Amino acid sequence: MEMAISIHNYSLKAPSINPNPKFPLPKLLGLTLSPLSSFNSKTTSLKFRSRKLTKPVKCSVSQATQPAIEKKSQLKRRRDIRNIAIVAHVDHGKTTLVDAMLKQSKVFRDNQFVQERIMDSNDLERERGITILSKNTSITYKDTKINIIDTPGHSDFGGEVERILNMVEGVLLVVDSVEGPMPQTRFVLKKALEFGLAVVVVVNKIDRPSARPDSVINSTFELFIELNATDEQCDFQAVYASGIKGKAGLSPDNLAEDLGPLFESIIRCIPGPHIDKDGALQMLATNIEYDEHKGRIAIGRLHAGVLRKGIEVRVCTSEDSCRYARISELFVYEKFSRTPAESVEAGDICAVCGIEDIQIGETIADKTSGKPLPAIKVEEPTVKMAFSINTSPFAGREGKYVTSRNLRDRLYRELERNLAMRVEDGETADTFIVCGRGTLHITILIENMRREGYEFMVGPPKVINKKVDDKLLEPYEIATVEVPEEHMGAVVELLGKRCGDMLNMEGVGSEGTTLLKYKIPTRGLLGLRNAILTASRGTAILNTIFDSYGPWAGDIATRDQGSLVAFENGSSTSYALASSQKRGQMFIGPGIEVYKGQIVGIHQRAGDMSLNVCRKKAATNVRSNKEQAVVLDTPLDYSLDDCIEYIQEDELVEVTPSSVRMCKNPKFAAAKKSR
């Protein structure tokens, strides 16, 4: 008994308290503090302190929230609800883990067909295999409702994670059993700790052959200390799981046949919401959805009071800016769908209809005495791109929305839901500057607009610089690259050319993979992904996340080769392409309509070259004995992301619903002629 208490009272920030590296401290403390003896009967410390300990055990609840709770004695804790967000780095298995949780809580019928990654309902999410938008669902475990929010893992969609943390009391931090904490893991954990949320660490993919759970737990513990977590937050519960098999346990060697240990850890370590049931109504709109029949739907957690269908409410942005509206319909999340409800009590997550002009960050409050909640704040964007109307000779052929008014309305409509994005008017009436967290953040918007029927042009991505004390600062990012040892030299050379500073290099797993960690200007990352894939023969994995603003790093050359540009309008021919492909790699095959100024290939040397890809073989009356066979190389198939990475200052990407083309910017060509 005395031993268990003495371990609990140590200061976790002292590195000397872990004398034996074989048994990582967080894991030891997680087991010591866990009353789940039914799932791990081998742990003697569980039996040791099962009944006699009178002091309640706290699981990772921030001390920062305690003074506010003491001051408001009227606040009560709801025991029948848990609100959690699942956060992690990209591809660490969040959505797969949610699939297993839904299946084991009997959300679906036994004979019902359920596709993989059911939370990724967006077509673009399924095609790319990533989560882009955060989504709500709920399950019921032992009479406790667990509201689950699945969040994106890519750093470009960090704004989605930041705003939904207002809705929850705890997070499941999912970490890969081989890769360990990655850049986005650090970002989401930092935000969770700032909000004072409870944290349960889930070491996922524990069934991988090269899994190293002890090392991953230690790395996660070090990350908590780096982020200045409190002692209670450092004392996190560790759960080991295989999301694809639907198994979990408190020890990597002793997994249960289901996710029972994970559910029990959620119920025990993540507190229920603190509510003021009798207080004035308050609900912060954290997310917005749109339905063709119901209109705008505001989603958020009810902080105080009771929300009823049909009542009149006050919608506030600040004390001075309020308006009135009526709640037409009210929904709660039950299993995998929205269920109509007559009333919702404080602490639950609900969806509200009837407020046509509701915006993210506004407060739905009591009509007479309601007050607004603090607005949602997200980090500033770091990359910008110029959007303009299509001015190519093919303009208007394929798109439905082609005017600057259509483009402007769509871009400003995106701001209603995408808090991390900014839109500004450009130098001309038909140009708009779109700022986002990264290239992918803006590329997803471009792809969605293309599928909606819009036709427009976009310029190359540029970083957003700052001036502080007359010094020019630019954004820097932390880049981690997983690369096989045989290709490490080429990747290190590439990152060095782009002003990257190496922070760490270590071996990962048993497959001979090296993990490189760099601090590099955001400018150096533009166009880097394709270059790294080429240098490593498609085996490297690049992950980046914004770090801070730093001094200007000087000029960075992002592309060594020029472009092959079409000489005239027309249709490409095999005869012309046979000679053109000797100059470089082509983007087009025979029979493709091209126009003057269109980029049709990559020049094998620096500088651009104009080619006539429409030239036909001269017809003569001289009969040849044998027709010469023309052998053409397979053209490069560049996606939208590849095109945006490829273009430089004097080039544009033409985006239409059915095609993506690149061309030289006519304004730069005119400027050169005038010189």
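For clarity, every value in this text was computed on a predicted model and none was experimentally measured. (Residues numbered from 1 in each chain as written. Predicted model: local features only at pLDDT ≥ 70, side-chain atom pairs only at ≥ 80, totals over all residues. Heavy atoms only, no water.)

Asker: Account for the packing of helix 14 (residues 488-497) against helix 16 (residues 528-535), with residues named and values stated.
Answerer: With their axes 9 Å apart at the nearest point, helix 14 and helix 16 run at an angle of 155° to one another. The pairing of helix 14 with helix 16 is recorded here as roughly antiparallel in orientation. In this structure, the crossing between helix 14 and helix 16 has a hand that is right-handed. Note on element contacts: helix 16 touches helix 14 through L528, A531, I532 and A535, opposite A490, V491, L494 and L495. Split by residue class, the contact of helix 14 with helix 16 holds eight nonpolar, no polar and no charged. (Axes fitted to C-alpha atoms, helices over the stretch in contact; angles between N-to-C directions. Helix = DSSP H or I, 4+ residues; strand = E, 2+ residues; numbered from the N terminus. Parallel < 35°, antiparallel > 145°, perpendicular 65-115°, else oblique. Left-handed = near helix turned anticlockwise from the far one by under 90°. Contact = heavy atoms within 4.5 Å. Nonpolar A, V, L, I, M, F, W, Y, C, P; charged D, E, K, R; others polar.)

Asker: Lay out the sheet that holds strand 6 (residues 198-204) with the relevant residues and their values.
Answerer: On the basis of which strands lie adjacent, the open sheet formed by seven strands has the order 3-4-2-5-6-7-8 and mixed pairing. The sheet is open, and its two borders are formed by strand 3 (135-141) and strand 8 (247-249), each paired with just one other strand. Here the strands of the sheet are splayed against their neighbours by 30° on average, with no regard to which way each runs. Where strand 3 and strand 4 (residues 144-150) come together, seven bridges link them in antiparallel fashion. Its bridge partner lying in strand 4, Y141 is registered against T144. Taken strand by strand, helix 9 (residues 213-226) contacts strand 5 (170-176), strand 6 and strand 7 (237-242), and its axis lies near 150° from that of strand 6. (Pairing = 2+ DSSP bridges.)

Asker: I'd love a proper account of the packing of aromatic side chains, names of residues and values included.
Answerer: The tally for this structure, following the rule as stated, stands at nine aromatic pairs. When the ring of F387 is compared with that of F456, the centres are 5.5 Å apart and the planes differ by 15°; the resulting orientation is stacked. Placement of the pair is F387 in strand 21 (residues 383-389) and F456 in strand 24 (residues 456-458), with a sequence separation of 69 residues. On the accessibility criterion, F456 (0% relative accessible area) is buried. Between F546 and Y549 the ring centres are 5.8 Å apart and the planes differ by 65°, which places this aromatic pair in the edge-to-face class. With a relative accessible area of 29%, F546 lands in the partly exposed category. Joined through ring pairs, the aromatic side chains of F587, Y638 and Y646 make up one cluster. Sitting above the plane of the F331 ring, R338 keeps its charged end 6.0 Å from the centroid. The ring of W552 has R523 sitting right over it, with the charged end atom 3.8 Å from the ring centre. (Phe/Tyr/Trp six-rings, centres within 6.5 Å; stacked < 30°, edge-to-face > 60°. Buried < 20%, exposed > 50% of the residue type's maximum accessible area, 1.4 Å probe, protein only. Lys NZ or Arg CZ within 6 Å of the ring centre and 35° of its normal.)

Asker: Account for helix 8 (residues 183-194), with residues named and values stated.
Answerer: Between its terminal C-alpha atoms helix 8 stretches 17 Å, which fits the 16 Å expected from 12 residues at 1.5 Å a residue. Burial of helix 8 is extensive: nine of the 12 residues sit out of reach of the surface. Of the residues trailing helix 8, G196 is marked for its positive phi of about 70°. (Expected span 1.5 Å × (residues − 1).)

Asker: Any details on the pattern of salt bridges? Residues and values, ideally.
Answerer: Under the defined criterion, the tally for this structure stands at 32 salt bridges. One salt bridge in this structure joins E257 and K247, with 3.9 Å as the shortest N-O distance. With E257 in the loop between strand 8 and helix 11 (260-269) and K247 in strand 8, this pair connects stretches of sequence that are 10 residues apart. The exposure class assigned to E257 is exposed, which follows from its relative accessible area of 65%. For the salt bridge of E380 with R422, the shortest nitrogen-to-oxygen distance reads 3.6 Å. Placement of E380 in the loop between strand 20 (363-366) and strand 21 and of R422 in strand 22 (residues 422-425) is noted, with a sequence separation of 42 residues between them. On the basis of relative accessibility, which here comes to 29%, the residue R422 falls in the partly exposed class. Through salt bridges with shared partners, one network takes in E162, K191, E194 and R437. (Salt bridge = Lys/Arg side-chain N within 4 Å of Asp/Glu carboxyl O.)

Asker: Can you tell me about the environment of L307, naming the residues and giving the values?
Answerer: The residue L307 is located in strand 13 (residues 306-308) in this model. Residue classification places L307 among the buried residues on the basis of a relative accessible area of 0%. Considered as a pair, L307 and V352 are 45 residues apart in the sequence and their alpha carbons are 9.5 Å apart. Apart from residues no more than four positions distant in its own chain, L307 is found in contact with L281, M283, L302, V313, I327, L330, E342, S343, V344, C350 and V352.

Asker: Describe in detail unusual backbone geometry, supporting the description with residues and values.
Answerer: A positive phi angle is found at D469, which is not glycine, with a value near 55°. Relative to the helices and strands, D469 is located in the loop between strand 26 (466-468) and strand 27 (471-484). With phi around 55°, R537 is a residue other than glycine that occupies positive phi space. For R537, the location among the structural elements is in the loop between helix 16 and strand 30 (541-551). Taking relative accessible area as the criterion, R537 reaches 72% and is therefore assigned exposed.

Asker: Describe the nonpolar core, naming the residues involved and giving the relevant values.
Answerer: Counting residues in each nonpolar core, the largest one holds 41 residues, and the members touching the most others are L173, V201 and F224. Shared between two domains, this core takes at least three residues from each, and those domains are domain 1 (76-272) and domain 2 (276-365). Apart from residues no more than four positions distant in its own chain, F224 is found in contact with L173, L189, L193, V199, V201, A229, Q233, C234 and F236. (Core = buried A, V, L, I, M, F, W, Y, C linked by side-chain atoms within 4.5 Å. Domains from an automatic or database assignment.)

Asker: So what about the sheet that holds strand 33 (residues 584-586)? Which residues, and what values?
Answerer: Ordered in space as 33-35-31-36, the four strands form an open sheet in which the pairing is mixed. Strands with a single pairing partner mark the edges of an open sheet, and in this sheet they are strand 33 and strand 36 (609-611). Across the sheet, the mean angle separating the axes of adjacent strands is 30° when strand polarity is ignored. Of the pairings in the sheet, the one linking strand 31 (residues 563-566) to strand 35 (residues 599-603) comprises three bridges and is antiparallel in character. Counterpart to S563 in the pairing with strand 35 is I602.

Asker: How would you summarise the packing of helix 12 (residues 404-414) against helix 13 (residues 439-451) if you had to cite specific residues and measurements?
Answerer: Between two packed helices, both the angle of their axes relative to each other and the distance between the axes serve to describe the pair. Running from amino to carboxyl end, helix 12 crosses helix 13 at an angle of 130°, the nearest separation of the two axes being 12 Å. Compared by their axis directions, helix 12 and helix 13 come out oblique. Regarding helix 12 and helix 13, the two cross each other, and that crossing is right-handed. Two secondary-structure elements touch here, helix 12 through L407, R410, L411 and E414 and helix 13 through L445, N448 and M449. Counted by class, the contact of helix 12 with helix 13 contains four nonpolar, one polar and two charged residues.

Asker: Account for the environment of G170, naming residues and giving values.
Answerer: Relative to the assigned elements, G170 resides in strand 5. Assessed through its relative accessible area of 0%, G170 is described here as buried. In this structure, G170 is in contact with N83, I84, A85, L197, A198 and I270, ignoring residues within four places of it in sequence.

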